[in-house]
Each structure stands twice: as C-alpha cells, then as structure tokens.
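Structure at a glance
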Amino acid sequence: MLFLFLAIFGSGVIPVIFRAFDGWRVSLFWAIPANYITCVLVGNFLAGNSLDITGLISQSWIWFAVIQGILLAVNFYLLAHTAQRAGVAIAALASRLSVAIPSLLAFLLYGDSLSVAKIAGLIAALLALYLCTAPDRDAGAFKARLFQLLPVLVFVTFGCYFSILKYLQSYYLDNSSYHYYVMSGFVFAFVSSIIIGICQGLFSSADFHVRHIVAGLLLGGVNYIAVYALLNVLALKGWESSQLFPIYSVGVVAVSALLAVVFFKERLSRQKTLGLVVGLAAVVLLNQ
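Residues numbered from 1 in each chain as written. Predicted model: local features only at pLDDT ≥ 70, side-chain atom pairs only at ≥ 80, totals over all residues. Heavy atoms only, no water.

**Things to note about the overall build of the protein chain**
- A tally of regular secondary structure across the protein chain gives 12 helices and zero strands.
- In the protein chain, the succession of helices and strands from N to C terminus is α-α-α-α-α-α-α-α-α-α-α-α.
- Taken against the 2.2 N^0.38 rule, which gives 19 Å for 288 residues, the C-alpha radius of gyration of the protein chain at 18 Å falls within 12% of a compact globule.
- With the principal axes as the frame, the protein chain shows a C-alpha extent of 50 × 50 × 30 Å.
- Taken over 288 residues, the protein chain has a buried fraction of 53%. (Helix = DSSP H or I, 4+ residues; strand = E, 2+ residues; numbered from the N terminus. Rg over C-alpha atoms; globule rule 2.2 N^0.38 Å. Buried < 20%, exposed > 50% of the residue type's maximum accessible area, 1.4 Å probe, protein only.)

What follows is the structure, encoded as structure tokens:
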C-alpha cells in the first residue's frame with residue numbers, strides 16, 4: 001500500500017507544482033528538461049547502477065520507451081498549460097479520467113471482468129470530461145476553444161501513456177527492470193523536451209535563471225517516485241488494472257483538488273463542480 005500512497009500523492013502534487021510555476025515565473029522549457037535529467041539521476045541512485053546505453057538498445061521494449069518518452073514530454077507541457085489556464089482540479093481530473101482508456105483495453109487484452117457498473121463508469125467519465133471542459137458562457141471564442149481542447153488532449157495523451165505502461169508491465173517488465181525502464185523513458189522524454197524547446201526557439205541564455213533548474217529538480221524528484229510507484233502498484237497480485245487505475249485516479253483528483261483550494265484558493269463553477277462529482281463517481285463505478 002506504500003507504493004499506492006506514493007503514486008497517488010506524487011501524481012496529485014505534479015499539477016499543483018505546475019500551477020505554482022506560473023506564480024514563481026518558472027519557464028517550462030527550462031524546468032521540464034531539468035526535471036527529466038533529475039529523474040534519471042534519481043533512478044541511478046535508487047537502482048544502484050547507471051543507465052547502460054549499449055544495453056538499452058538491445059532491450060525488447062526499446063521502442064516502447066521511445067514512444068513513452070515522447071508522450072511524457074508532450075503530456076507534461078499539456079498538463080502544465082492546462083493547470084495554469086483551466087485550473088489544477090480540471091487538469092488533474094482530465095489526466096486521471098484518462099484511465100477510462102486503459103480500463104477499457106483491460107477488458108480486451110487482460111481478461112478483466114466487465115460489468116454494468118464499469119460500463120456506466122466509462123460513460124460517466126466521458127460525461128465528466130464534457131462538464132469540466134465546457135466553457136463558461138462569458139468566455140471569448142478563442143478562450144472557449146482553448147479551454148475545451150487542452151483537457152481533451154490531456155485526456156487522450158495520458159490515456160495512451162497509461163495503456164502502454166500497463167501493457168509493458170504485463171508482458172515485458174518485472175521488478176528487476178522497473179528502474180531501468182523508467183530511467184530509459186525519462187531519457188527519451190528529455191531528448192523530446194529539448195527538441196520541442198528548440199523548435200519553439202525558446203532556449204537562450206537571456207531566458208535562463210537558476211530558479212528554472214531548481215524548480216525542475218523539485219518536479220523531477222516527485223515525478224520519478226510517482227511513475228516508479230505506479231509501476232509497482234500495477235504489479236500488485238490479486239488486483240485487476242481496471243480496479244487499480246480508478247482507485248489511483250480518485251486519490252490523485254482528491255489530492256490535487258484539495259491542494260488547489262488550500263494553496264491557490266481555486267473556486268469552481270457549479271458546472272465544473274458537477275463535473276468533478278461525476279468524475280469521482282466514474283472512478284468509483286469503474287472499481288466495481
């Protein structure tokens with residue numbers, strides 16, 4: 001249960017950190033690459049050995065690590081922008097409702113049990129996403145489209161990420177390779193984040209500040225523990241992934257929403273509040 005707590009708390013804190021970056025004037029295009037370097041260093045420390053690039057190339061899961069690295073980089077930029085523009089609670093909910101995707105695949109790929117409650121949970125998850133992403137009436141056209149698009153993109157990309165993670169845990173990885181795989185994914189995420197920054201033309205010495213790197217170090221420590229703990233949670237014996245993902249998700253949403261209220265005094269409209277309630281109900285139903 002320790003790993004479940006670490007996965008929930010770590011994942012719940014991440015969108016809060018991104019929201020804080022906005023107030024701290026932290027550049028995402030410096031902090032996110034620093035975060036991935038930190039993840040690799042933390043992994044080296046915990047695993048007790050360094051990442052062997054030669055051995056990495058020979059791994060059967062190498063291309064999955066590449067894809068997940070790209071998804072990690074894209075996911076973090078999307079999550080950061082969503083937390084800063086739509087709010088921490090909405091960002092957390094959109095990313096965690098994405099478990100509807102791997103939960104559905106679990107019925108097809110891993111023989112998880114399917115029930116009326118789980119089907120209702122999947123429908124409720126989509127309804128919650130709509131309620132949370134529907135723009136306010138007084139929002140401008142561009143703002144309304146952005147508010148809708150960002151959470152939906154977070155939902156889809158995180159769903160793909162979690163699906164691949166569960167597939168690898170089921171067919172390719174074991175306890176001895178968790179650290180190695182997680183570090184590998186972060187290496188490719190670092191490369192992807194650098195490429196994104198270069199393409200955007202956002203790296204320059206004039207934009208650099210020590211606080212960007214310090215923020216990346218903080219984010220990286222939390223990020224690594226969250227991903228590594230989640231892999232261990234998915235390997236728990238006697239639990240179906242269609243159960244574990246919802247439990248994990250409801251915890252993350254609750255932690256993020258509570259911290260957002262405490263630290264940022266976030267307030268939600270009635271519609272967004274209803275969306276959060278429906279979303280929490282969805283993860284409960286998915287756990288039946």
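**Topic: the packing of aromatic side chains**
- Scanning the model with the defined rule gives 20 aromatic pairs in all.
- Ring geometry for Y36 against F76: centres 5.8 Å apart, planes inclined by 35°, an arrangement best described as tilted. Of this pair, Y36 sits in helix α2 (residues 28-47) while F76 sits in helix α4 (residues 62-85), placing them 40 residues apart in sequence. This pair shows no difference in class: Y36 is buried, exactly as F76 is.
- For the pair F158 and F162, a centre-to-centre distance of 6.0 Å together with 45° between the ring planes defines the contact as tilted. Remark: F162 and F158 occur in helix α8 (residues 141-171); sequence separation between them is four residues, near one turn of the helix. (Phe/Tyr/Trp six-rings, centres within 6.5 Å; stacked < 30°, edge-to-face > 60°.)

**Digging into the nonpolar core**
- Counting 69 residues, the largest nonpolar core has F18, F21, Y36, W61, F162 and F186 as its most contacted members.
- When residues of this core are traced back to their parent elements, those giving at least two are α1 (2-24), α2, α4, α5 (88-97), α8, α9 (178-199), α10 (210-234) and α11 (241-264).
- Judged by nonpolar contacts, the second largest core, of 15 residues, contains L97, F107, L131 and V278. (Core = buried A, V, L, I, M, F, W, Y, C linked by side-chain atoms within 4.5 Å.)

**Notes on the confidence of the model for the protein chain**
- Of the residues in the protein chain, 91% reach a pLDDT of 70 or more, and the chain-wide mean stands at 83.
- Per-element confidence in the protein chain ranges from a low mean pLDDT of 77 for helix α7 (residues 116-133) to a high of 93 for α10. (pLDDT = per-residue confidence, 0-100.)

**Here's the deal with the environment of A189**
- Considering the arrangement of structural elements, one finds A189 in helix α9.
- Relative accessible area serves as the criterion here: at 0%, A189 is assigned to the buried category.
- Sequence separation between A189 and Q68 is 121 residues; the distance between their C-alpha atoms is 7.5 Å.
- Beyond its immediate sequence surroundings of up to four residues, A189 is in contact with Y36, G69, L72 and A73. (Contact = heavy atoms within 4.5 Å.)

**Observations concerning the side chain of T38**
- Checked against the element boundaries, T38 lands in helix α2.
- Classification of T38 by relative accessible area gives buried; the value is 8%.
- Only 2.8 Å separates the side chain of T38 from the backbone oxygen of A34, close enough to count as a polar contact.
- Leave out the neighbours within four places in its chain, and T38 touches G216, L217, G220 and G221. (Polar contact = N/O pair within 3.5 Å; in protein donor to acceptor, adjacent residues only side chain to side chain.)

**Remarks on the side chain of S192**
- Here S192 is to be found in helix α9.
- Assessed through its relative accessible area of 12%, S192 is described here as buried.
- At 2.8 Å, the side chain of S192 forms a polar contact with the backbone oxygen of F188.
- Residues in contact with S192, not counting those within four places in the same chain, are G69, I70 and A73.

**Thoughts on a nonpolar patch on the surface**
- A surface patch of nonpolar side chains, about 500 Å² in accessible area, is lined by L105, L108, L109, Y171 and Y172.
- Summarising the element assignment, L108 is placed in helix α6 (residues 100-109).
- By relative accessible area, which is 66% here, L108 ends up exposed. (Patch = residues over 30% accessible without salt bridge, like charges linked within 9 Å, V, L, I, M, F, W, Y side chains within 5 Å. Areas by Shrake-Rupley, 256 points an atom, 1.4 Å probe, with all protein chains shown as cover. Salt bridge = Lys/Arg side-chain N within 4 Å of Asp/Glu carboxyl O.)

**Some thoughts on α5**
- α5 sits mainly inside the fold: 10 of its 10 residues count as buried.
- Those residues of α5 not exposed but buried are V88, A89, I90, A91, A92, L93, A94, S95, R96 and L97.

**Concerning unusual backbone geometry**
- Unusually for a residue other than glycine, R25 sits at a positive phi of about 60°.
- Examined against the element boundaries, R25 turns out to sit in the loop between α1 and α2.
- On the basis of relative accessible area, R25 is assigned to the exposed category, the value being 57%.

**Side note on α11**
- When the terminal C-alpha atoms of α11 are compared, their 33 Å separation across 24 residues agrees well with the 34 Å that a helix rising 1.5 Å per residue should span.
- One or two residues past the end of α11 sits K265, with phi positive at roughly 55°. (Expected span 1.5 Å × (residues − 1).)

**With respect to the packing of α2 against α10**
- Orientation of α2 relative to α10, taken along the N-to-C sense of each, is 50°, at an axis distance of 7 Å. The angle between α2 and α10 places the two elements in the oblique class. The interaxial crossing formed by α2 with α10 has right-handed handedness. Here W30, A31, A34, N35, Y36, T38, C39, V42, G43 and L46 of α2 come into contact with α10, specifically with H212, I213, G216, L217, L219, G220, G221, N223, Y224 and I225.
- Among the residues making up the contact of α2 with α10, the classes are represented as 12 nonpolar, eight polar and no charged. (Axes fitted to C-alpha atoms, helices over the stretch in contact; angles between N-to-C directions. Parallel < 35°, antiparallel > 145°, perpendicular 65-115°, else oblique. Left-handed = near helix turned anticlockwise from the far one by under 90°. Nonpolar A, V, L, I, M, F, W, Y, C, P; charged D, E, K, R; others polar.)

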